[in-house]
Each structure stands twice: as C-alpha cells, then as structure tokens.
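Fold and geometry: a report
Residue strings, one per chain:
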Amino acid sequence: MASGVAGLLLAPLARPAVPAVALLAAALAGRRPLALLAALAALGGATAADARLAALDRTSLAPLVGREVSLEAVLLEQPRISSAAPGAPVWRRGPSRRALVRIDSGRGEGESLLLRTAGPVRFPAVATGAVVLVRGRLEELGRWDGYQRRRGAHAVLRASTVLATGRRRGGVMGVLDAVRGRAERGLMAGLAPEQAALLRGMVLGQDDQLSEPVREDFRRSGLAHLLAASGQNVTLLAVLALGLLTAAGVPLRARLAVVLALIAAYVPLAGAGPSIQRAGVMGAAGVVAALAGRPASRWHAVLLAALTTLLLNPRASGDPGWQLSFAAVIAILILARPLSRTLAGASDDAGKGRQLAGAVPGSTAAEASRRGRAGEPRSAGRLRLPRPVAEAAAVTVSATLGTAPLIALHFDRVSLASVPANLLAAAAVAPAMWLGMLSALAGQFASAPATLLNALCAYPLGFLSWVAHVTARLPGAALPVRIGSPLGLTLAYAALAAACAAVRLPRARAAAARATPALGVATLAGVVGLALLPGGGSARPPRGLRVSFLAVGQGDATLIQHGEHAILVDSGPPDGPVVSLLERAGVRRLDALVVTHDQADHDGGAAAVVRRFAVGALLDGGEGPPSPQRRALLAAAARRNVPRIVPAAGETVRAGPVRLEVVWPDRAGSAPPPGTDPNQRALVIVAHDGAFDALLPADAETDVTAALDLPRVEVLKVAHHGSEDPGLPALLTRVRPQVAVIPVGPNSYGHPTAQALSALRASVPRVYRTDRDGTVRLDVQSDRIAVSITG
C-alpha cells in the first residue's frame, strides 16, 4: 500500500523518479515475493495515476474557448465572493462571485467549469444542485485559478447572465442535495446569523456565510480546523450514533452497519473535500474491521485513505487541505500516545491496545482502555495531568507540531495561540457538534425541535467564538513565518523530527516533571528551526525606504515603510489579503492609515487593518453617506480610539522621514461637491522621502490631476487601475516617472486598457502590474530603485 501511494504521489510531480522509487521499495521490502509486489505496486500506482489524470483532463470544451456560449449547468457549491482572486469586488458594479458548476448533459455526466460573475450580473438565490442557465464567454483557466484544476475545472465561464431554471439534478446526488438543504434549515433555525454561519461551518464545512473578522479570529487562534469538515466530525458522528443506538438496544453489528452508512452519506453531505474524504475512509476502515471482528490498524487506515483519495484525484496531494489532514493524523499517530502517557505520568507498558485516533473504537479496544486506566502504575510524588486533559493536550500539541511547517508554507504564519485555544475550546466542541448534528437531523422533519436544540447549542457556540476572539488577540498569537519552497519544507520537517528524536519522550516511568520542559524545548527548537530557514522567520521592517504596491486583487493598497515607520494608503477590497500581506512585510503598527475615498476596492479591507494593527491616525477621504465597509471602518476606529483626520489640499502628514503631501481635493475651492463621483474627490497624494517622490493619485484621472501643481516623481501609481485616460501621455511628460505600477486584479472591465499600456510603455522605462507581477516592492537607496516582484 505504501508503495502504491508513492507511485500515485510521484506520477503527477516527478514521473521519471517512479522506477527508482520502485527499486527502493523492493529493497526495503526484503523478502523476494514481497519485494516484487512492492515494486509492482509503485509502478501500478503511477500507471493508475496517469490513467486517472488522462480521464480527468479529457474535455470537449477546447474548441469553445474564446467564444460566447449558452448552456445549462448544475451548481456544485454555493457561490463565494472573490477578493484577491480574479474578479475582486469593484465598487460601482457590485461584487464578483465564483462557483464550481458542472455541465448538465442529462445523463449524470459532464464537465466541471468555474463559473464567475462580475459587476452587475446577479447570481440567483438557488441551492446547491440547482440547474441554472448561463450565458457568457468561455475562457482558459488563468494563473490565479490554477487550484481549480485540482477540483476538476476545465475552463472559466465568465457569465453575462445566470438564470434559475427551477429544476434540480436528480439521482442519488439530488437526494443528498435535498437532505443537505433541510439540514441547513435545521442548523439555522432560531440562531443569530453569525452563530448559524458558525454552526454550518462546524457541521457541514460550509463557512461561506461567516464574516471575515470571525474567520480571521479562527485562523489566528488556530481553530480554523473547526470550520472544515474533518476527522473530528466523523469521530463525533460515530460516537453520537453508537451512543443513541446502544441506548435504543440495537445489536452491535447493526449499530456498526448504521454507522458505516452514516459515514458514507456524511462525506458527500459535508462537501467531500480532501480532509473529510480521508476521515471517511479511515472511519469506514475501522468500522469494517470491527464488523469483521479484526483489530483496526491505524497505519493501514492512513495508507488506505491516501490510496483512495489519490486514486480518485492524483492531484489531491497538491491541495493544502489534503496535506494538512494527513500531516495532522500522522503526527497524532506518532506523538500523541507517548506524549499523553508522559503528561499523565503513566508507564509505557500500560494501556496497550488503546485506540487514540483514526478509527471508530470497538468493544475490545474500549475494554483495553479501561484496563489500562485501572492498572497503570504511576510515579508517586510527581505532577500528573488527568487522563482526559493529558490526551486532549497530547493530540493538540501533536497536530500543531505536525502541521506547523505546512501552515507556514501555505499561509506564511504559525499560530502560537493554537495549543491554549484548542485546549480551552475542547470542552465545547463535542456538545456544539452533537447538538448541531441532531439539529440537522431534526431539520429533516420539522423546524421546532431544531430550534430547541439550537437554543441549547447557542451556549457552546458563543463560548467557541469568545475563545477564538480572545486568543486571536494575544500578543504573538500568529507569528509571521514563511517557508518559501519545498526544500524549506523538507528542512523544517527534518528539524522537527530531529528535535523530537533529541527529546526522546521517556518510555518507562519517566518523570512528567522532566518531560514537560523537554516538550517545551522541542517546540522551541522547531520554531527556531523554522525561523532560520531561508525566507522563514518573522518578517522584519526594512532598514531604509521601501514602497510596496500590494497584490490585493482589483483594488489599491500601497505600503510605505522606512525602518519601523509605516503608512498604508488604501487597503484593497473586502475580504482581501491586506492583513496577511502587511504581516509578511514586517508591519507591527501603522503611523497612519490613509483612505483615499469611499469605494470598496480602496477601503474594503480598512476595518480589518484597524482591528489587527495599532494605527496612529486615520486620514479619511470618504464623504457622503457611508457605505457598509466605511461604517465598519469608522466603528473599528472608534473602538480602538484612532484619531480621524479629514485632510485637504496643502496638508501634510509625517512618519519619521516619510512625508505625505495632500494635493487634492481643494475642499474650499474647485473640487466638485460631496455626493458626486467619488473619484473626482479622491485624495491625491505625493509621498516624499529625501530626494525620492512618488505620486499616488488613487482613482483621480487626468481630468483632475492635469490642473494640479505636481513635481517630477520617481514613481507613479497609475490611476484607476489603468483605465482609459486620454490625458495620461501629457501627465507622464510632466512628472517623468522612472517606474510605473498599475494596481489591478483580473477583471472583466478591460483594466488596464490598451491605451493606458501604450502610453506608459512609450514614456516609462519600467512598468509593472500587480495582476501579473504580484506585489511590486521598491527598495530605494540614494538615487537607485531596486525592484522585486512576488509573481
């Protein structure tokens, strides 16, 4: 099985290495028959992966790419608002949404597409499984949509209209759609919207309705795994079902058969993501072992789960969820038992046969567990944790250590609050999950019992939200740590393994007082090892002047740093990555946050910035009735006691050697009145630092800037994402920038336009755009500007 998994893993990544791995597997197997079988399994796994990839990539859509199409499709998931991804929200045209759909051929077959709406296109309020009529342009998957290939998408359909047909898909999936819809109604009955969204995330893995602040709290606190259906869900479902069936007097084999059926239904109901697939296979393997009267092998279950998920989709190994799920369970299998026994002060010989994770326990394992608790010799006079606390701590620490390098690789952070947050939350997770599952069951029949169950569930849900909120705000809750390459990831896990081997968790009657500091040393060694990796560790502010045009999607966010001083001009769209980008840049506090005008692509992330960082002052260019994102910003600024300044032409702001000069609007002069086009009154700023000057015109085009007294500048942020601007050539002749940057995300509005690009390339030596180049960072030294890009 291990050889087959190796072949499946290598085929999509490094096909030429498969024969070498087959020979290595044969050498490790030892005995000749087993060696031959291992080598054949590796080659067979690679062959199966090739065949499966060929089937997944087979498409009839290639001739239609670039054309307008009209087709019916089945909605495979609820639409999500795009942010930093293509089609980020644009203020005048409404948010962009994306969802995976499948072409409805009428025979249960078809091909998956990424459906994307933009601007004024309305997405009908339909449930998953609904058939919609879509008209739009078929395009190839872009660089930003590469991860959608792992989900089976063959192309992007940029819709001009999406209409509900009133029909739904049929068959088994249609039945599951109906069950899911009733479960969702049960989970929402009687709960406040935020709590209902949290419960849907915990029970069904649907976190699309959670607000970004709540989602960020769960990420920073290390509790984000609660919002994704995973092994914990399968285990709690099995325990709940076994308990209820036992109380009802159902025989053991019938109980196990029912649990097996529940797992088979729950995996697709919860989205069938990589994590829940892994958990479902492992849980089912444990149940089958119990039905057969055989002991369950957790390692065989892990390999079986990897084999199954990779046979379904050999590209699944590239999914962060798949990687994190297997890393967590493997770390638990290796570390949790000895660590638990150490913390509980038990000898290494007691409790054999106990199953800690990965499968539904049978009666034999439960009896072994009871014998272990009764007969374990303990070391007198030494600190011991109660067994439930020791087990919870061991599982939490093991999973945290096992996933930390991967989290640093994918999300550029490690949550130091994860262990205390998970220990605090542990007592509320099972009650919330069990009540939620019962509520989903009650929702199949009536809303009244679901409402009653949810009234009880509101208490553990409130506690979990409180834990996430409080621990997310602990100093150093999320340490910025970056691993920039597979080599760095390999070195991180090597350092972690070496630290665990050096600690050598005591086996026989070891002192808990000695083991606990040793565990702390191991954790510290792992963190230090990550910090010493190339590109890793906590980001530090630059020594000199650095101007970064952040890749936040279709929006603006310009970060100006000089040493510890930092100013952010605009914050990108709602739900964008501005907070994580600031953390990566080493920002600890902001001297000033500038909001040039009240449009979602400029101030959508401002409230999150204020909640996350200490801000010295808010320069607010928004006017008129506030939009929802501006109301959130003003509320956050009021709670954090951030002074608000409404700047006008002629005013300046200083942060160390950096000086911002506001050159527009002239509020007492020629500026148009409030309530007109916000672009016409957006703050136009010139940033100065020594001999360096940068023009930041927000969305004010040359109908505004042509009349302003502007100096020659080294850097120009191109206005309004590179929209068509007839006066741009004349402006470039006046200010003569050496570098021009277009903050833009993939969009359906034609930004940047061919006219703008032609004018820029004719006059500016270096032109960059964040949709293709990623974040553009300018490090300024004397008269030299060093440019680096992340794309």
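Rules used in this analysis
Residues numbered from 1 in each chain as written. Predicted model: local features only at pLDDT ≥ 70, side-chain atom pairs only at ≥ 80, totals over all residues. Heavy atoms only, no water. Helix = DSSP H or I, 4+ residues; strand = E, 2+ residues; numbered from the N terminus. Buried < 20%, exposed > 50% of the residue type's maximum accessible area, 1.4 Å probe, protein only. Contact = heavy atoms within 4.5 Å. Pairing = 2+ DSSP bridges. Axes fitted to C-alpha atoms, helices over the stretch in contact; angles between N-to-C directions. Core = buried A, V, L, I, M, F, W, Y, C linked by side-chain atoms within 4.5 Å. Right-handed = clockwise from strand over helix to strand, strands pointing away. Expected span 1.5 Å × (residues − 1). Salt bridge = Lys/Arg side-chain N within 4 Å of Asp/Glu carboxyl O. Patch = residues over 30% accessible without salt bridge, like charges linked within 9 Å, V, L, I, M, F, W, Y side chains within 5 Å. Areas by Shrake-Rupley, 256 points an atom, 1.4 Å probe, with all protein chains shown as cover. Phe/Tyr/Trp six-rings, centres within 6.5 Å; stacked < 30°, edge-to-face > 60°. Lys NZ or Arg CZ within 6 Å of the ring centre and 35° of its normal. Arc of directions from axis to C-beta. Parallel < 35°, antiparallel > 145°, perpendicular 65-115°, else oblique. Left-handed = near helix turned anticlockwise from the far one by under 90°. Nonpolar A, V, L, I, M, F, W, Y, C, P; charged D, E, K, R; others polar. pLDDT = per-residue confidence, 0-100.

1. Some words on the overall build of the protein chain
Scanning the protein chain from N- to C-terminus turns up 26 helices and 25 strands. By residue count, 52% of the 791 residues in the protein chain fall in the buried class. Sequence-distant contacts in the protein chain: of pairs separated by 6 or more residues, those separated by 24 or more amount to 68%.

2. Comments concerning the sheet that holds strand β22 (residues 739-742)
What the seven strands build is an open sheet, ordered β17-β18-β19-β20-β21-β22-β23; its pairing is mixed. Sheet topology places β17 (652-655) and β23 (766-769) at the edges, where each strand pairs with a single neighbour. The average angle at which neighbouring strand axes cross in this sheet is 15°, direction not considered. Where β17 meets strand β18 (residues 658-664), four bridges bridge the pair, whose relative direction is antiparallel. In the strand pairing of β18, Ala 655 is matched with Val 658.

3. So, the nonpolar core
With 53 residues, the main nonpolar core has Phe 218, Leu 223, Leu 461 and Leu 464 as its most contacted residues. Listing elements by their share of this core, those giving two or more residues are α5 (171-188), α6 (193-204), α7 (212-220), α8 (231-247), α9 (252-269), α10 (274-291), α15 (418-442) and α16 (447-472). A per-element tally of this core places α15 first, with 11 residues. Discounting chain neighbours no more than four positions away, the residues touching Leu 461 are Leu 191, Gln 195, Leu 198, Leu 199, Met 202 and Ala 432. Of all hydrophobic cores here, the second largest spans 29 residues; its members include Phe 549, Ile 685, Phe 692 and Leu 778.

4. Some points on the sheet that holds strand β15 (residues 618-620)
The strand order across the open sheet formed by eight strands is β16-β15-β13-β11-β10-β9-β24-β25, and the pairing between neighbours is mixed. Among the strands making up the open sheet, the edge pair consists of β16 (644-645) and β25 (784-789). Here strand β13 (residues 592-595) pairs with β15 via three bridges, running parallel. Residue pairing in the sheet places Leu 593 in a bridge with Leu 618 of β15. Lying over the sheet, helix α22 (residues 628-639) contacts β13, β15 and β16, oriented at roughly 150° with respect to β15.

5. Some details on the environment of Gly 616
Along the chain, Gly 616 falls in the loop between β14 (614-615) and β15. Taking the C-alpha atoms as reference points, Gly 616 and Ala 592, separated by 24 residues in sequence, lie 5.3 Å from one another. Setting aside anything within four residues of it in sequence, one finds Gly 616 in contact with Arg 589, Leu 590, Asp 591 and Pro 643.

6. Notes on the pairing of β22
Side chains on a regular strand alternate between the two faces of the sheet. Covered by surrounding structure in β22 are Val 739 and Val 741 together with Ala 740 and Ile 742, the residues of both alternating faces. The pairing of strand β21 (residues 715-717) with β22 spans three bridges and is classified as parallel. Looking across to β22, one finds that Lys 717 is bridged to Val 741. At this point the chain moves from β21, through helix α24 (residues 728-735), to the parallel β22, and the crossover so formed is right-handed. Strand direction decides the pairing type here: β22 and β23, joined by four bridges, are parallel. Paired with Val 739 across the two strands is Arg 766, which belongs to β23.

7. Description of helix α14 (residues 387-411)
Compared with an ideal rise of 1.5 Å per residue, which puts 25 residues at 36 Å, α14 spans 33 Å between its outermost C-alpha atoms and is within 8% of the ideal. In the segment just after α14, Asp 412 is the residue with positive phi, at about 55°.

8. Topic: the pattern of salt bridges
Inspection of the entire model under this criterion finds 21 salt bridges. The salt bridge involving Arg 315 is made with Asp 57; its shortest N-O contact spans 2.7 Å. Taken together, the residues Arg 315 in the loop between α11 (298-312) and α12 (320-344) and Asp 57 in helix α3 (residues 32-57) connect sequence positions 258 residues apart. Beyond isolated ion pairs, a larger network of salt bridges with shared partners links Arg 169, Asp 177 and Arg 180.

9. Some words on the side chain of Thr 396
Take Thr 396: it is sitting in helix α14. On the basis of relative accessibility, which here comes to 12%, the residue Thr 396 falls in the buried class. When neighbours within four sequence positions are excluded, Thr 396 is seen to be in contact with Ser 418, Val 419, Asn 422 and Leu 423.

10. Digging into unusual backbone geometry
Following Trp 664, the chain continues to Pro 665 via a peptide bond in cis, the omega torsion being 15°. Checked against the element boundaries, Pro 665 lands in the loop between β18 and β19 (684-689). Looking along the chain, the bond that leaves His 751 and enters Pro 752 is cis, with omega of -10°. One can find Pro 752 in the loop between β22 and α25 (754-763). Of note in this structure, Asn 641 is not a glycine but carries a positive phi near 55°. You can see Asn 641 is positioned in the loop between α22 and β16.

11. Considerations on a nonpolar patch on the surface
A contiguous nonpolar surface patch, about 360 Å² in accessible area, is contributed by Leu 424, Phe 463, Trp 466 and Val 470. By residue number, the principal contributor to the nonpolar patch is α16, which donates three residues. Examined against the element boundaries, Trp 466 turns out to sit in helix α16. Its relative accessible area of 49% is what places Trp 466 among the partly exposed residues.

12. Side note on the packing of aromatic side chains
Tallied over the entire structure, the rule returns two aromatic pairs. The cationic tip of Arg 612 hangs over the ring face of Phe 613; the distance from NZ or CZ to the ring centre is 4.8 Å.

13. Brief notes about α24
Turning to α24, its buried residues number three or more, namely Leu 728, Leu 731, Leu 732 and Val 735. Taken around the axis of α24, the buried residues stretch over an arc of 100°, which confines them to a single face. Residues Ala 730 and Thr 733 are exposed on α24 and point more than 90 degrees away from its buried face. Where the residues of α24 are buried, they touch β20 (692-696), α23 (702-705), β21 and α25. After α24 finishes, the residue Arg 736 shows a positive phi value of roughly 50°.

14. Examining the packing of helix α1 (residues 2-13) against helix α2 (residues 18-29)
Look at α1 against α2: their axes get within 10 Å of each other, and the N-to-C directions meet at 165°. Comparing their axes, α2 and α1 come out roughly antiparallel. When you trace α1 past α2, the crossing you get is right-handed. Contact residues: Ser 3, Ala 6, Leu 10 and Ala 11 in α1; Val 18, Val 21 and Ala 25 in α2. When its residues are assigned to classes, the contact of α1 with α2 shows six nonpolar, one polar and no charged.

15. Description of the confidence of the model for the protein chain
Scored by pLDDT, the protein chain comes out at a mean of 81, with 85% of its residues at no less than 70. Confidence drops under a pLDDT of 50 for residues 83-95, and excluding neighbours within four residues, the segment shows 51 contacts in the predicted structure. Per-residue pLDDT stays below 50 along residues 347-381; that stretch engages in 56 contacts with residues further than four places along the chain or on separate chains.

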